[in-house]
Amino acid sequence: MCHAYLKAKNYRLNTYTYIGIINRKEVMSKRELFWVASAKKDLKMMPDDVQDIFGFALYQAQLGQKHIQAKPMKGFSSANVLEVIENSEGNTYRAVYTVRYKNAVYVLHCLQKKSSSGIATPKPDMRIIHERLRSAELHSMGVQ
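Criteria and cut-off values
Residues numbered from 1 in each chain as written. Predicted model: local features only at pLDDT ≥ 70, side-chain atom pairs only at ≥ 80, totals over all residues. Heavy atoms only, no water. Core = buried A, V, L, I, M, F, W, Y, C linked by side-chain atoms within 4.5 Å. Buried < 20%, exposed > 50% of the residue type's maximum accessible area, 1.4 Å probe, protein only. Helix = DSSP H or I, 4+ residues; strand = E, 2+ residues; numbered from the N terminus. Contact = heavy atoms within 4.5 Å. Pairing = 2+ DSSP bridges. Axes fitted to C-alpha atoms, helices over the stretch in contact; angles between N-to-C directions. Polar contact = N/O pair within 3.5 Å; in protein donor to acceptor, adjacent residues only side chain to side chain.

Which residues make up the nonpolar core, and what values go with them?
In a soluble, globular protein the nonpolar side chains are often hidden away together inside. Ranked by size, the top nonpolar core spans 19 residues in total, and within it M46, F54 and Y97 carry the most contacts. If you list the elements that add at least two residues to this core, you get helix 4 (39–44), helix 5 (48–62), strand 3 (81–88), strand 4 (91–98) and strand 5 (104–113). With five residues, helix 5 is the single largest residue contributor to this core. Excluding anything up to four places from it in sequence, M46 contacts Q51, F54, Y93, R94, C110, L111 and Q112. In this structure, F76, A104, I129 and A136 belong to the second largest nonpolar core, which totals 13 residues.

Here you go:
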C-alpha cells in the first residue's frame, strides 16, 4: 500500500495499530516512496488485484521488509533491485523497485509482460529499468 493509500484509509491504519497488526513505530519510520517516470501511471493501468499485491509489496519495502513474492532481479549485481511478479487474467505483470537508498524506495518500472515465450524481461524494459535506476541515484544525491 502506498503512502497516499494509507492516508486515504487512515481509519484502517489506526484500527490496525490499535489491535497490534501494524506497529505504529514501524509506520512512523518508513522510507519515502518515489515513483520514477511513468511507473505509477503504469501501475494504475493494471488490474485491481495486481495493484493490491504490488502496493502491499511496496509498503513492506518502505518498512524495510521483503514481500514473500519479491526477489532480486536478474541482470543487477546486487539484491537492491527487486521485482514482484503476479499473474492475473492470463497475463503476467511485474513491478521493479530499488531499496538501495537508506531513506527511500524508488519504483522504477511497472509492466505487463507481453512476450509469449520465455520468462526473461525484454531488453527494452531492461534498458528502461537501468535508465530509471540512474535517475533514482541522481535524485537520491540531490542532483535532480
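Describe in detail the sheet that holds strand 1 (residues 32–35), supporting the description with residues and values.
The strand order across the open sheet built from five strands is 1-5-4-3-2, with neighbouring strands paired in mixed fashion. The open sheet has two free edges, formed respectively by strand 1 and strand 2 (70–72), since each of these has just one partner strand. Geometrically, the sheet is characterised by an average inter-axis angle of 30° between neighbouring strands, direction not taken into account. Pairing geometry for strand 3 and strand 4, over eight bridges, is antiparallel.

Could you give an account of the side chain of T98, with specific residues and numbers?
By secondary structure assignment, the location of T98 is in strand 4. Take T98: its relative accessible area is 0%, and that puts it in the buried class. For T98, the side chain forms a polar contact with the main-chain nitrogen of R100, separated by 3.1 Å. Not counting the four nearest positions on each side in its chain, T98 is found in contact with N80, V81, A104, V105, Y106, L108 and L133.

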